[in-house]
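Residue strings, one per chain:
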Amino acid sequence: MSQKVQEFNDYRAKMNEKILASDNKVIKRIFNLDTNAFTKGHLPVKTKELLGLVASAVLRCDDCIAYHLKTAYENGVTKEEMMETMSIATLVGGTIVIPHLRRAVEFWEALENEA
């Protein structure tokens, strides 16, 4: 696994564990809602992850972008599909999204290199 992907996974797991250990009902419900929102429903998981990727890019959340890239990759999204999705995000979000697009492509390459 690439160092970039491993660092992301380790940090996310460590901090989620700490956050959930606080035993805060609202936080636990939000985490649960987020998990359930991205499970298969009328839309396939792959589509939901790409929708999450667009929203995360427009909101300029690099952690969220990395998470959705990772999950999209694990659900069979191709590089071409990811780039088309990020092109829509850049169109919607404007040129301010371009630095996040750069980091998204870098993270995607790290995902590809671990395969």
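Residues numbered from 1 in each chain as written. Predicted model: local features only at pLDDT ≥ 70, side-chain atom pairs only at ≥ 80, totals over all residues. Heavy atoms only, no water.

(A) Focus on unusual backbone geometry. Here the phi dihedral of D23 falls at roughly 55 degrees; this positive angle occurs in a residue that is not glycine. Assignment of secondary structure puts D23 in the loop between α1 (3-21) and α2 (25-37). Of note, R60 is a non-glycine position whose phi angle comes to about 60 degrees, a positive value. For R60, the location among the structural elements is in the loop between α3 (45-58) and α4 (62-74). Accessibility expressed as a relative area gives 40% for R60, which makes it partly exposed. (Helix = DSSP H or I, 4+ residues; strand = E, 2+ residues; numbered from the N terminus. Buried < 20%, exposed > 50% of the residue type's maximum accessible area, 1.4 Å probe, protein only.)

(B) Region of interest: the pattern of salt bridges. In the structure shown here, the tally under the stated rule is 5 salt bridges. Between K28 and D23 there is a salt bridge, with the nearest N and O atoms lying 2.8 Å from each other. (Salt bridge = Lys/Arg side-chain N within 4 Å of Asp/Glu carboxyl O.)

(C) Spatial organisation of the nonpolar core. Of all hydrophobic cores here, the largest spans 21 residues; its most connected members are L53, L69, M82, M86 and F107. Among the secondary structure elements, those contributing two or more residues to this core are α1, α3, α4, α5 (79-93) and α6 (98-114). In terms of residue count, α6 provides more of this core than any other element does, 6 residues in total. Apart from the residues lying within four places of it in its own chain, the contact partners of L69 are L53, M82, A104, F107, W108 and L111. (Core = buried A, V, L, I, M, F, W, Y, C linked by side-chain atoms within 4.5 Å. Contact = heavy atoms within 4.5 Å.)

(D) Quick peek at α4. Compared with an ideal rise of 1.5 Å per residue, which puts 13 residues at 18 Å, α4 spans 18 Å between its outermost C-alpha atoms and is within 8% of the ideal. Among the residues of α4, those classed as buried are I65, A66, H68, L69, K70, T71 and A72. Those residues of α4 that are buried lie in contact with α1, α3, α5 and α6. A positive backbone phi angle near 90 degrees is found at G76, which sits one or two residues after α4. (Expected span 1.5 Å × (residues − 1).)

(E) Geometry of the packing of α1 against α6. In contact at an axis separation of 8 Å, α1 and α6 are set at 100 degrees when each is read in the N-to-C sense. By the angle class used here, α1 and α6 are roughly perpendicular. Contacts between α1 and α6 involve K4, V5 and F8 from the former and E106, F107, A110, L111 and E114 from the latter. Residue composition of the contact of α1 with α6, grouped by class: 5 nonpolar, no polar and 3 charged. (Axes fitted to C-alpha atoms, helices over the stretch in contact; angles between N-to-C directions. Parallel < 35°, antiparallel > 145°, perpendicular 65-115°, else oblique. Nonpolar A, V, L, I, M, F, W, Y, C, P; charged D, E, K, R; others polar.)

(F) Geometry of the side chain of S56. Take S56: it is sitting in helix α3. Assessed through its relative accessible area of 7%, S56 is described here as buried. There is a polar contact of 2.8 Å between the side chain of S56 and the backbone oxygen of G52. Once residues lying within four places of it in the same chain are set aside, the contact partners of S56 are C61, C64, I65 and H68. (Polar contact = N/O pair within 3.5 Å; in protein donor to acceptor, adjacent residues only side chain to side chain.)

Honestly, that's just the spatial picture; any functional story needs more than this.
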